[in-house]
Amino acid sequence: MSQISIKHKNPLRGELTPPPDKSISHRAVILASLAEGRSVIRNFLYAEDPLSTVGAFRQMGVEIEVRRQNSEHKEEMSPTEILINGNGLSGLKNPEGPIDCGNSGTTMRLLCGVLAGQPFSATLKGDASLSRRPMKRVIGPLAQMGAVFKSDNGNPPLTVTGGQLKPISYKSPVASAQVKSAILLAGLYCDGITSVLEPEKSRDHSERMLRASGADIKIDGLSVSIKGRAVLRPFDLTVPADFSSAAFFIVAGLIVPGSEILLKNVGINPTRTGLLEVLQSMGADIRLENTREVSGEPVADIFVRHSSLTGIEIGGDMVPKSIDEFPILCVASAVAEGKTKITGAKELRVKESDRIAAMAAELSKMGVRTEELEDGLIIGGKEKLGPAAIKSYGDHRIAMSMAIAGLMTDGETIISDTDCINTSFPGFIEILDRLQKS
Ligand code: S3P
């Protein structure tokens, strides 16, 4: 189990291209596998989570070639291209043995949607963290459609027996892109129209990509519907850099005095960028440059400069738009002037770790006043952070957020159990080092 030590105190300066988007990489592999013909996915995220999705479709007989090139900065990721010969909606084969989804909730939940429509049974398993995560949220609607599940009271491992599905109109109790996407994927296997209504809008990458592949998708406010039995077209798609990975360096650039960073090619899909709005309301100097569209997703270069931040209250529909960014937002809040209060974010308790409990515990080790709420937390502002021995809880976003917090202390912060960073951001620590030496 590896650990990292944070002791540099230099400003962060220079440019980086964050790793490719994880959500889009997963979906591209899934849709290309279900399309009829050869797709190319450029700038794929070569990291553990999306590779679990690649492994799953290979196990179901899809031909997938992974090509890696040399990168410009040796510490950063080599660009990866994936070529997929899609088998069509009904061309998957029964996998031999269980499919290992590793740490990836997206792999497991989206696969449940695909497997619901197959004429075979398959078992999905995951690591210790994934085995604790709730799956009833996808089992419920997919069982209503006609799939049969065996699980450990709603936790993995799961066995899915697919079959002839019927369309449903599902009112989801949670704003979850994984639930929405699982139902839409299962909807491809139905005669008729399947729809999902969310309480707030979650990320819409599946809708964009399904539409581009030829599926008949309609979006009406918080409701999305799909007509079944589409023939999906193969595609050539370029994945933008992941806003959620960029977030660690956006906040680092804002809070470390003297910093100026340009983050290039970052996806700025409005269902993902709540953190930008929140930080700008806190007083952040952030500018979007060179805004453009790449493969159906908005993309920009993001320039950040050290800024004085003030605390804020966050809740409501801002929560799904920034759900993965709360750990790093907690770090920004700890050094901001005044309190920050986060509510309506109960979902944080069922991520790769209980992120409310984890951030409250680890930031308080650094001397930050924190108060846990059932659905969020209160963070006392303008703290002088002290070095500490930090745990990651096996959660990549806790590990990286606390590494950025470590930049604000006098002394050495050690973060243990940091292998998890490889699920989404291989090279994170090397990039942090490079920017501090620029
Ligand atoms: C994801 C959706 C979000 C997010 C996760 C990735 C996706 O989860 O937290 O990191 O790719 O669909 P929920 O759908 O559970 O909100």
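Use the structure listed above.
Rules of the game
- Residues numbered from 1 in each chain as written.
- Predicted model: local features only at pLDDT ≥ 70, side-chain atom pairs only at ≥ 80, totals over all residues.
- Heavy atoms only, no water.
- Pairing = 2+ DSSP bridges.
- Helix = DSSP H or I, 4+ residues; strand = E, 2+ residues; numbered from the N terminus.
- Near = heavy atom within 4 Å.
- Polar contact = N/O pair within 3.5 Å; in protein donor to acceptor, adjacent residues only side chain to side chain.
- Areas by Shrake-Rupley, 256 points an atom, 1.4 Å probe, with all protein chains shown as cover.
- Domains from an automatic or database assignment.
- Axes fitted to C-alpha atoms, helices over the stretch in contact; angles between N-to-C directions.
- Contact = heavy atoms within 4.5 Å.
- Parallel < 35°, antiparallel > 145°, perpendicular 65-115°, else oblique.
- Nonpolar A, V, L, I, M, F, W, Y, C, P; charged D, E, K, R; others polar.
- Buried < 20%, exposed > 50% of the residue type's maximum accessible area, 1.4 Å probe, protein only.
- Phe/Tyr/Trp six-rings, centres within 6.5 Å; stacked < 30°, edge-to-face > 60°.

Trainee: Which parts of the structure should I look at to understand the pairing of strand β13 (residues 223-227)?
Mentor: Side-chain direction in a regular strand flips from residue to residue, so the side chains alternate between the two faces of the sheet. As paired elements, strand β11 (residues 193-197) and β13 share five bridges and run antiparallel to each other. The residue bridging leucine 197 from the neighbouring strand is serine 223, located in β13. Summarising the sheet, strand β12 (residues 217-220) and β13 pair through four bridges and their orientation is antiparallel. Bridge assignment links aspartate 220 to a residue of β13, and that residue is serine 223.

Trainee: So what exactly am I meant to see when it comes to unusual backbone geometry here?
Mentor: Most of the time, phi is negative for any residue but glycine, and the peptide bond is trans. Following proline 156, the chain continues to proline 157 via a peptide bond in cis, the omega torsion being 0 degrees. Looking at the secondary structure, you find proline 157 in strand β9 (residues 155-161). Unusually for a residue other than glycine, asparagine 290 sits at a positive phi of about 55 degrees. Residues other than glycine seldom take positive phi values, yet aspartate 417 does so here, at roughly 65 degrees.

Trainee: I'm lost on the site of the ligand in this one. Help?
Mentor: Surrounding the ligand, one finds Ser23, Arg27, Thr106, Arg109, Ala175, Ser176, Ala177, Gln178, Arg203, Ile323, Asp324 and Lys351. The separation between an oxygen atom of the ligand and a polar side-chain atom of serine 176 is 2.8 Å. One of the backbone nitrogen or oxygen atoms of alanine 177 is found 2.9 Å away from an oxygen atom of the ligand. Protein contact buries 95% of the 380 Å² of open area that the ligand shows by itself. Listing elements by their share of the shell around the ligand, those giving two or more residues are α1 (22-34), α3 (105-115) and α6 (177-187). Residue-level mapping places the shell around the ligand at the junction of two domains, with at least three residues from each of domain 1 (3-19 + 240-437) and domain 2 (22-238).

Trainee: Got a minute to help me understand the sheet that holds strand β1 (residues 3-6) in this structure?
Mentor: What links the strands of a sheet is backbone hydrogen bonding, and the strands pair in either a parallel or an antiparallel sense. Pairing in this open sheet of three strands is mixed, and the strands run β1-β23-β22 from one edge to the other. Bordering the open sheet on either side are β1 and β22 (389-391), each of which pairs with just one other strand. Going from strand to strand, the sheet's axes swing by 20 degrees on average, the running direction of each strand aside. Against the sheet, helix α13 (residues 396-406) engages β1, β22 and β23 (413-416), with an angle of about 175 degrees to β23.

Trainee: What is the right way to read the sheet that holds strand β3 (residues 36-42) from this model?
Mentor: Judged by pairing direction, the sheet is mixed, and its four strands sit side by side in the order β4-β5-β3-β14 without closing on themselves. Here the strands that pair on one side only, and so sit at the sheet edges, are β4 (63-68) and β14 (236-238). Strand-to-strand, the axes of this sheet are offset by a mean angle of 15 degrees, without reference to chain direction. Here β3 pairs with strand β5 (residues 80-87) via six bridges, running antiparallel. Across the sheet, residue glutamate 36 finds its bridge partner in β5, namely asparagine 87. Seen against the sheet, α1 touches β3, β4, β5 and β14 and runs at an angle of roughly 35 degrees to β5. Contacts between helix α2 (residues 48-59) and the sheet are confined to β4 and β5, with β4 contributing the most and set at about 145 degrees to the helix.

Trainee: Explain the packing of α1 against α6 here, please?
Mentor: Relative orientation and spacing of two packed helices are given, respectively, by the angle between their axes and the distance between those axes. Viewed as axis vectors pointing N to C, α1 and α6 meet at an angle of 5 degrees, and their least axial separation amounts to 13 Å. Viewed along their axes, α1 and α6 adopt a mutual orientation that is roughly parallel. Residue-level contacts link Arg27, Ile30, Leu31 and Leu34 of α1 to Ala177, Ser181 and Leu185 of α6. Of the residues assigned to the contact of α1 with α6, the class counts are five nonpolar, one polar and one charged.

Trainee: Can you walk me through helix α5 (residues 136-145) in this structure?
Mentor: Residue pairs three or four apart in sequence face the same way in an α-helix, which turns once every 3.6 residues. Taken together, the buried positions of α5 are occupied by Arg137, Val138, Ile139, Pro141, Leu142 and Met145. The inward-facing, buried residues of α5 contact α3, β8 (148-152), β9, β10 (169-171), α6 and β11. Positive phi shows up at glycine 146, right after α5, with a value of about 125 degrees.

Trainee: Would you explain the packing of aromatic side chains in this entry?
Mentor: When we look at a pair of aromatic rings, we describe it by the centre distance and by the angle of the planes. This structure, assessed with the given rule, holds four aromatic pairs. A ring pair is formed by phenylalanine 248 and phenylalanine 428, whose centres lie 6.2 Å apart and whose planes are at 75 degrees; its orientation type is edge-to-face. With phenylalanine 248 in helix α8 (residues 243-255) and phenylalanine 428 in helix α14 (residues 428-437), the pair connects residues that are 180 residues apart, well separated along the chain. Neither phenylalanine 248 nor phenylalanine 428 differs from the other in exposure class; each is buried. An angle of 70 degrees between the planes, with centres 5.4 Å apart, marks the rings of phenylalanine 425 and phenylalanine 428 as edge-to-face. Accessibility assignment for this pair places phenylalanine 425 and phenylalanine 428 in one class, buried. Taken together through their ring pairs, the aromatic side chains of Phe248, Phe249, Phe425 and Phe428 make up a single cluster.

What is shown is where atoms sit, not what they do.
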